[in-house]
Amino acid sequence: MTHAELVNVALSIHAPLLLAAIAAYFKYGDRTELLSKSLQGTDAVLSRMRREIADELGDGLRSIFENPGTVPTMIGTETYTERPVNPVGSESYRSTIRDFVEDNANTLVDCRVLRAARDSWCFWARVLSWTILGLIFWQAIVTGSLALFDKVLEVTVPDHLIKLSAIPTVVGVVMSLVPLPFLLKWHDVINNHRMRYDAP
């Protein structure tokens, strides 16, 4: 293969990849739109779950704090006064907390899982965005350099550099595909929990 043919092959690979990476960035790299579409309603569901948990716990503890009981306290040598007892640490307090955890274990776990799924999805969305952005820069550098030096300025770029430019390109393409299954997995977890807890 002659040098001119190698340059043409390289340009025919890198230029379309540059366009594809730009298109992919507009679709997947803009996390604002991607987050709003994929995580729409997740924060509302988490907020609702937390509110239900807090209300349930508050209802259970209300009677204990409203009627904590009293203990007599001596004032001087002959006068007694009733002082309210702090119920924290009492048997009824521990029993109420234990009953709350047992009755709401599934909701507590689901709240934790949904939050972890949202955080994981956001992490992989960031990985995808930065990988695509890196791929765009690399393709722009290679395509621009080959077109400028070899085609316009007629400066011969060494063949080994042209061939080596394919390595970061392959790595970038593969790295752009790696986040996709993780995004789908965590998105499925989010959707399952939203369907379970989101009000119709």
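Reading the values: rules and limits
Residues numbered from 1 in each chain as written. Predicted model: local features only at pLDDT ≥ 70, side-chain atom pairs only at ≥ 80, totals over all residues. Heavy atoms only, no water. Patch = residues over 30% accessible without salt bridge, like charges linked within 9 Å, V, L, I, M, F, W, Y side chains within 5 Å. Areas by Shrake-Rupley, 256 points an atom, 1.4 Å probe, with all protein chains shown as cover. Salt bridge = Lys/Arg side-chain N within 4 Å of Asp/Glu carboxyl O. Lys, Arg positive; Asp, Glu negative; His and termini not counted. Charge placed at Lys NZ, Arg CZ, Asp CG, Glu CD. Helix = DSSP H or I, 4+ residues; strand = E, 2+ residues; numbered from the N terminus. Buried < 20%, exposed > 50% of the residue type's maximum accessible area, 1.4 Å probe, protein only. Core = buried A, V, L, I, M, F, W, Y, C linked by side-chain atoms within 4.5 Å. Phe/Tyr/Trp six-rings, centres within 6.5 Å; stacked < 30°, edge-to-face > 60°. Lys NZ or Arg CZ within 6 Å of the ring centre and 35° of its normal. Axes fitted to C-alpha atoms, helices over the stretch in contact; angles between N-to-C directions. Parallel < 35°, antiparallel > 145°, perpendicular 65-115°, else oblique. Left-handed = near helix turned anticlockwise from the far one by under 90°. Contact = heavy atoms within 4.5 Å. Nonpolar A, V, L, I, M, F, W, Y, C, P; charged D, E, K, R; others polar.

Undergrad: Tell me about a negative patch on the surface, residues and numbers included.
TA: A surface patch of like charges, here negative, comprises Glu-52, Asp-55, Glu-56, Asp-99, Glu-102 and Asp-103. Sorting the residues of the negative patch by element identifies helix H3 (42-66) and helix H4 (91-103) as the ones contributing at least two each. Note that Asp-99 resides in helix H4. Look at Asp-99 and you get partly exposed, because its relative accessible area is 36%.

Undergrad: I'd like a rundown of the nonpolar core, residues and numbers included.
TA: Counting 24 residues, the largest nonpolar core has Met-49, Leu-114, Trp-121, Leu-183, Trp-186 and Ile-190 as the members making the most contacts within it. Elements supplying a minimum of two residues to this core: helix H1 (3-29), H3, helix H5 (105-152) and helix H8 (179-197). Examining the composition of this core, we find that 11 residues originate from one element, H5, more than from any other. The next biggest cluster of nonpolar side chains, apart from the first, holds 8 residues, and it includes Leu-6, Val-142, Leu-146 and Val-157.

Undergrad: Quick one: what's the story with the packing of aromatic side chains, residue by residue and with numbers?
TA: For the structure on display, the rule yields 2 aromatic pairs. Between Phe-123 and Trp-124, the ring centres sit 5.1 Å apart and the planes meet at 80°, which makes this aromatic pair edge-to-face. With relative accessibility at 18%, the residue Trp-124 sits in the buried group. An angle of 5° between the planes, with centres 4.2 Å apart, marks the rings of Trp-124 and Phe-182 as stacked. Placement of Trp-124 in helix H5 and of Phe-182 in helix H8 is noted, with a sequence separation of 58 residues between them. Put simply, the rings of Phe-123, Trp-124 and Phe-182 pair up and form one aromatic cluster. Across the ring face of Trp-186, the terminal group of Lys-185 is positioned such that the distance to the ring centre comes to 4.3 Å.

Undergrad: Account for the packing of H3 against H5, with residues named and values stated.
TA: In the contact formed by H3 and H5, the axes pass within 10 Å of each other and the chain directions differ by 155°. When the axes of H3 and H5 are compared, the pair comes out roughly antiparallel. The way H3 lies across H5 gives a crossing that is left-handed. Counting all contacts with H3, which are made through Thr-42, Asp-43, Val-45, Leu-46, Met-49, Arg-50 and Ile-53, the residues of H5 involved are Thr-107, Leu-108, Asp-110, Cys-111, Leu-114, Arg-115 and Arg-118. For the contact of H3 with H5, the per-class residue count stands at 7 nonpolar, 2 polar and 5 charged.

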